Each structure stands twice: as C-alpha cells, then as structure tokens.
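Below are the chains, spelled out letter by letter.
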Amino acid sequence: MRTSILRATPMAFAAWLAASACAADFSTPLPPDRVQRVETLPAKYPTTWAWLNYAGDRIQLRNVGSDSREIKAELQARDSSTLLVADKRPEVYVADTVWSRGTRGTRTDFITIYDTHTLNPIGEIVLPGGKRALITAQEGMFTFTDDQRMAVVFDFTPASSVTIVDLVNRKVLGEVEIPGCSLVYPTGARGFSTLCSSGNLLSVQLDAKGAVAGRSETKAFNLLDTDPLFTASTTVAGVRYFPSLHGRIQPIDMRGDEAKVLPDWSLVTAADAEGQWRPSGWQIVAGDEQKLLYVLMQQGAHEGTHKDPANEVWIFNTVNKTRLKRLRLVRAGSSISLTHGTEPLLLVQAGDRLDVYDAHEGALIRSMDLPGLHTRLQIEPLR
Amino acid sequence: MAQFDRVTEKMLRGFASRTSRRNLFTVLGGFLAGAAALPLLPVARAEGPEANGSDPNSGAPAPRHSGNPQDPGDATKCDYWRYCAIDGSLCSCYGGTVTSCPPGTEMSPITWIGTCSNPADKRNYIISYNDCCGGVPWGRCACQNNQGDRPLVRPSNNNEITWCFGTKSQSYTCTVALILGVAIDQK
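**Student:** I'd love a proper account of the overall build of chain A, names of residues and values included.
**Tutor:** The helix and strand inventory of chain A stands at 2 helices and 30 strands. Across its three principal axes, chain A shows a C-alpha extent of roughly 95 × 55 × 40 Å. Counting over 383 residues, chain A shows a buried share of 42%.

**Student:** Which residues make up the overall build of chain B, and what values go with them?
**Tutor:** Scanning chain B from terminus to terminus reveals 3 helices and 8 strands. Listed N to C, the secondary structure of chain B is α-α-α-β-β-β-β-β-β-β-β in terms of helices and strands. Counting all 187 residues of chain B, 31% fall into the buried class. Expressed as a percentage of contacts within chain B between residues at least 6 apart in sequence, the contacts between residues at least 24 apart total 70%.

**Student:** Please set out the sheet that holds strand β6 (residues 104–115) of chain A residue by residue, giving values where relevant.
**Tutor:** All names here are of chain A. A sheet is described by the order of its strands in space; here 4 strands give the open sequence β4-β5-β6-β7, paired in antiparallel fashion. Strands at the two margins of the open sheet, each flanked by one partner only, are β4 (82–85) and β7 (121–127). For this sheet the average axis-to-axis angle between neighbouring strands, irrespective of direction, equals 30 degrees. In this structure, strand β5 (residues 91–101) lies alongside β6, joined through 10 bridges in antiparallel fashion. Within β6, the residue paired with Trp99 across the bridge is Arg107.

**Student:** I'd love a proper account of the sheet that holds strand β15 (residues 212–217) of chain A, names of residues and values included.
**Tutor:** Strand pairing in a sheet is mediated by backbone hydrogen bonds. Such pairs are either parallel or antiparallel. Residue and element names in this part refer to chain A. As summarised here, the arrangement of the 4 strands in space is β12-β13-β14-β15, forming an open sheet in which the pairing is antiparallel. At either margin of the open sheet sits one strand with a lone partner, and together these are β12 (181–186) and β15. The mean angle between the axes of side-by-side strands here comes to 25 degrees, regardless of whether they run parallel or antiparallel. As paired strands, strand β13 (residues 191–196) and strand β14 (residues 201–206) are joined by 5 bridges and run antiparallel to one another. Residue pairing in the sheet places Phe192 in a bridge with Val204 of β14.

**Student:** For the nonpolar core, give the residues involved together with the corresponding values.
**Tutor:** By size, the foremost hydrophobic cluster in this structure holds 123 residues, and its most contacted members are Tyr294(A), Val295(A), Val313(A), Leu346(A) and Leu347(A). Setting aside chain neighbours within four positions, we find Val313(A) in contact with Tyr294(A), Val295(A), Leu296(A), Leu327(A), Leu329(A), Ile336(A) and Leu346(A).

**Student:** Break down unusual backbone geometry for me, with residues and values.
**Tutor:** Residue and element names in this part refer to chain A. With an omega dihedral of 15 degrees, the bond running from Thr157 to Pro158 counts as a cis peptide bond. Here Pro158 is to be found in the loop between β9 (150–156) and β10 (160–166). Unusually for a residue other than glycine, Gln276 sits at a positive phi of about 55 degrees. Summarising the element assignment, Gln276 is placed in the loop between α2 (270–274) and β21 (278–279). At Lys291, a residue that is not glycine, the phi angle is positive and equals roughly 65 degrees. Among the structural elements, Lys291 can be located in the loop between β22 (285–287) and β23 (292–298).

**Student:** Pulling in residues and values, what's your account of the interface of chain B and chain A?
**Tutor:** Facing the 26 residues of chain B at the interface are 27 residues of chain A. Looking at the side of chain B that touches chain A, its residues break down into 10 nonpolar, 12 polar and 4 charged.

**Student:** Which residues make up the environment of Val184(A), and what values do they have?
**Tutor:** Residues and elements named next belong to chain A. Looking at where Val184 falls in the secondary structure, it is placed in strand β12. Classification of Val184 by C-beta neighbours within 10 Å gives buried; the count is 26. Between the alpha carbons of Val184 and Met141 there is a distance of 6.4 Å; along the sequence they are 43 residues apart. When residues no more than four places from it in sequence are discounted, the contact partners of Val184 are Gly140, Thr143, Val152, Phe154, Val162, Phe192 and Thr194.

**Student:** An account of the pairing of strand β29 (residues 364–369) of chain A is requested, with residue identities and associated values reported.
**Tutor:** A regular strand places its side chains on the two faces of the sheet in alternate fashion. Residue and element names in this part refer to chain A. Strand direction decides the pairing type here: strand β28 (residues 353–358) and β29, joined by 5 bridges, are antiparallel. Paired with Val356 across the strands is Arg366, a residue of β29. Hairpin connection between β28 and β29: a loop of 5 residues separates the two successive antiparallel strands, and Gly362 in this loop has a positive phi of roughly 80 degrees.

**Student:** So, the confidence of the model for chain B: which residues are in play, and what are the values?
**Tutor:** Residue and element names in this part refer to chain B. Predicted confidence across chain B gives a mean pLDDT of 77, with 70% of residues reaching 70 or more. Low pLDDT, under 50, characterises residues 10–51; the predicted model gives this stretch 7 contacts beyond four residues in sequence or across chains. Overall fold confidence for the complex sits at a pTM of 0.85, while the interface term, ipTM, reaches 0.87.

**Student:** Can you break down the environment of Thr305(A) residue by residue, with the values?
**Tutor:** Residue and element names in this part refer to chain A. When you line up the elements, Thr305 lands in the loop between β23 and β24 (310–317). A residue is classified by how many C-beta atoms lie within 10 Å of it, and Thr305, with 17 of them, is partly exposed. The sequence separation of Thr305 and Gly281 amounts to 24 residues, and the corresponding C-alpha distance is 8.5 Å. Non-local contacts of Thr305, meaning those with residues more than four positions away in its chain, are made with Ser280 and Gln298.

What counts and how
Residues numbered from 1 in each chain as written. Chains lettered and ligands numbered in written order. Predicted model: local features only at pLDDT ≥ 70, side-chain atom pairs only at ≥ 80, totals over all residues. Helix = DSSP H or I, 4+ residues; strand = E, 2+ residues; numbered from the N terminus. Buried ≥ 20, exposed ≤ 12 C-beta atoms within 10 Å, placed from the backbone. Contact = placed C-beta atoms within 7 Å. Pairing = 2+ DSSP bridges. Axes fitted to C-alpha atoms, helices over the stretch in contact; angles between N-to-C directions. Core = buried A, V, L, I, M, F, W, Y, C linked by C-beta atoms within 7 Å. Nonpolar A, V, L, I, M, F, W, Y, C, P; charged D, E, K, R; others polar. pLDDT = per-residue confidence, 0-100.

Dropping the structure here:
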C-alpha cells in the first residue's frame, strides 16, 4: 500500500502539470460546430476521380489521383445497378431495381437522376414491365445515345429488348425488341448496336421520338463456337475494340448509323500463343487519347480461365497494330481503366484493392482498399 | 562481434570433432520419427478433423458429402465437381442443398447449363444451375467457376445473369446444381 501511494503521487502531479500546460497553450476552447452541414461536390469532377461500381451493389466516387485516396461520395444501388455520367448536363443517372418488401413484393425498375453538385436525387424515370436485365453490372446494360439526350436500357426476361428513355424530359419513349441479341453500344447520331447469337451485329437507328427509323445487320463475324468476343470493349479514336477469348482484337466502327466491322488482328504472336497468353479478367480492356490499347493478359490460360485475374497489361498501338509494352502488375488484376488527361493513370482492380499505376511508366503509385467488394468491379473514369 | 564469431567458431569446431555425419543423421532421424509420431498424440487427434472442416468447434457448418462414392466432394465448397461452371452463392450454405432451394425461396425453372466432369466415374454430365429467388440477398459461399461459360451473346451459357425467371421475385439468393443427364457423346 505504502509503495502504491509513493508511485501514485508523482503521477497525479504530472497529470496536473500537463493540464496546466494545456490550458496555458490553448487559451480558448474549441468553438461549437455548425449543425446540419452536408458536403457538396464540385460541379465538374476532376479527371483524377473515378466512379467505382461494386457489381451493382454499391456505386462509389473515389479520389484515385491523390494519396488521400478518400471516398468522395456513394450512391444507393440495389440490384445490377448501372451508371451513366453525363458531360452535357450536371447529372448522373443510375438504373436500378428494387422490390417493395426487400427481396420480395412489387418490383420496380427505375432510373434515378442525381445532381452532380449535391448528389441529391432530382428526378426519376420508372421503367415499365419489370424487364430490365439483372446481370452483374457491366458495359452494355445502359448507354447514352442522341448526344446524351436519350438512354438505352438493355432488357432480358429472357426475351431480349431495349427500353428507350428521354433523359431531358425524363420519360420512357418506348421499347424495341432485339430477339437473340444482347447488350447495347451507342451507334451513329441516334441509335445503338447489339451483339447477336448468330454471330452478327444488329444496328438500330432511332427517330426523335425514340421509334425505330432503320435497322441494319452485319455479316456474321463473331466466332461464337471457336473464339467468341468478350462483350467488354473500349473506344480508341472513335472505333470500338472487342478482344476475343483466344487473343484476337475486333475493331468495329460505330460512328455511322450502320456499324462497320473492320479487319481483326491478333494480340498474340506465335510464341505468345504457345505460352497460352490470352485476355483474361472482367473489364479487360481500356484505351487512351494517344490511340493506345491496354489489355489484361494472362499466361497459361485454358478453358474456364477467361475471367481469372491477369498478371500483365499489354499496351498496343492501334495504328500499326503492334505491341509497345508489357506491364507486369504487382497484384493480378481483374478490371482495368484509364483516367483521362495528359498524364493518365492506369486503374487496376486486384482482389479487394484498387492499384493505381503510372500508365506510361508502369510504376505503382498507390493502392487503396475496396471495402465490401465481394465480386466484380466496373470502373467508370471521368471526362 | 569478432569475439562472438570466435566463440561460435570454437563451439562448432568442437561439436564437429566430437560427432560424425552418421551421428548427425541419427539425431535428425530421431527428430523426424518424433515428428511422424506427433499426429498420434491426443492434441493432434483433436486438431485432425479441423483440417477437413468437421471440427464441431470451428464455427463453420460441417462439410456435406453425398455419401455416394460416385458423387464425391463437399457440396459447401466451390471445388465440388458439379460447380465447374457456377457463378454465385451455394444453396448448401443457405439452408438448401446441392439440389434444393432454401426454405422460403422459389426455384427458377429457367436456367443456364454447363458440362462438368465427374472425377469418380469419369463421365461428363450436363448440369443445370437453377437459381433460388426471393430469399436473403446473396453473399456467403460465393463461387466463381467458369468452365464452359461464354459471353452474354449466348445467354444460356452465361453465368452472370440472374436466372430468376418465372418466379414471384427476381431477387437472387443462391444456386443449385442439378444433373440433367450424361453429355450425349459420353453415353
């Protein structure tokens, strides 16, 4: 007991001394905080931010260009949610599906319109019929057309169709059936193309009211039995590029009303093919303003590995169709994307992390966690 | 440091002069024999079942085997042979089984199919991956196997689609793996 008192006395004295010193250093207390303060965002987001879609379960705006790595905002998402970010209007659109009693009850498909500055929902378009495709969120489920005045929503019941939406007047214009075809890619001034199960591509032109103004089909080019195209694509100099499972790249020019299938070329040499190098992952391809094509590639690929994470990113010059560089990733990646601007960042989802590389040098700059990601990530860079 | 080196060297030289290589192998052999005997100790026996997940204190549900040697594997694990083309949650972890949906859900009659090789009888079987719909949202026991999976252009061979069609709710819970039959060229 005597020992404890001896020990306690100097401690109490030290605490009193510290308190006295603090009071002396900070003569005034902290001011009260203002209540009901809500963050806002800039009207135009920097290109060093990116939207991250957690397989349609959650949509997150993340600062990927700074070591702060902070989450800037999140949007509600329930099932197979997909995102469109406008640059013609300060609006973000999320297509989603909910049920009135959680996982049961009345189904509602809808597009929420968010104000980019406040992220407040400022409008809604309810989609009729309960037809919106419920698929792991990916490219081709929801796309702009008509210079962002309209959107096209892919429906799958399992009959295929699309719902045409007027985003300016916030209303549904109609439905177009696309039997045997899947996903939508913007085409021409006002229209879309879709990949069909007979190996061809169907292009649909729309009039100002969203009705079909014309249709055209390409010859069959998608080798569905032997070497089908991934449905993930990227646009380089206005041309859309689709990799195939075995390592071809198929350019398709969708700038005109009728899509034009351009000659394909190989991403792999004979030596690469011997090593079973193939495209692999989820969002496997990205393009930049320098007409370069980035593809996730994996060695030793075989049947069933086409969605596995890949160890390298290969960079191709689309003009002379040659490989410029191979980037060895620090961690195997499943989804890639590039930020826009003069110094693009290569974003790589690797498991539950997002690795940020210098796209030109290939050096890892930073890495951030992706809390709650348990499946695929779709990365939406900002313009 | 130099002093330490000199002492260490002296000790090792002394050890080497007192022992032969055969002697060293004898000692090592004794350690190896001891290691081999370790699993026989009671502690090792208690930890043995944990390796295959059946430890009652592990917290995890025990493995689920069919009991039929022709249908081998644990139906709660992604590497069970019928799951070769599955992308989703295993109903065996939600109150269902490999062939039945959990209580309170509804099985979709419309589905996607894969072809899986049975390691026991070496036959290829056509497997129907029926989704169970309207229960708790998925998340646990998620598996991503893509044997025979093809891009969405051929929906019936694509495992990214929520196959909840013809059901009251289209909200996905989990997936079962039903044998439809032997692949034609394997009969």
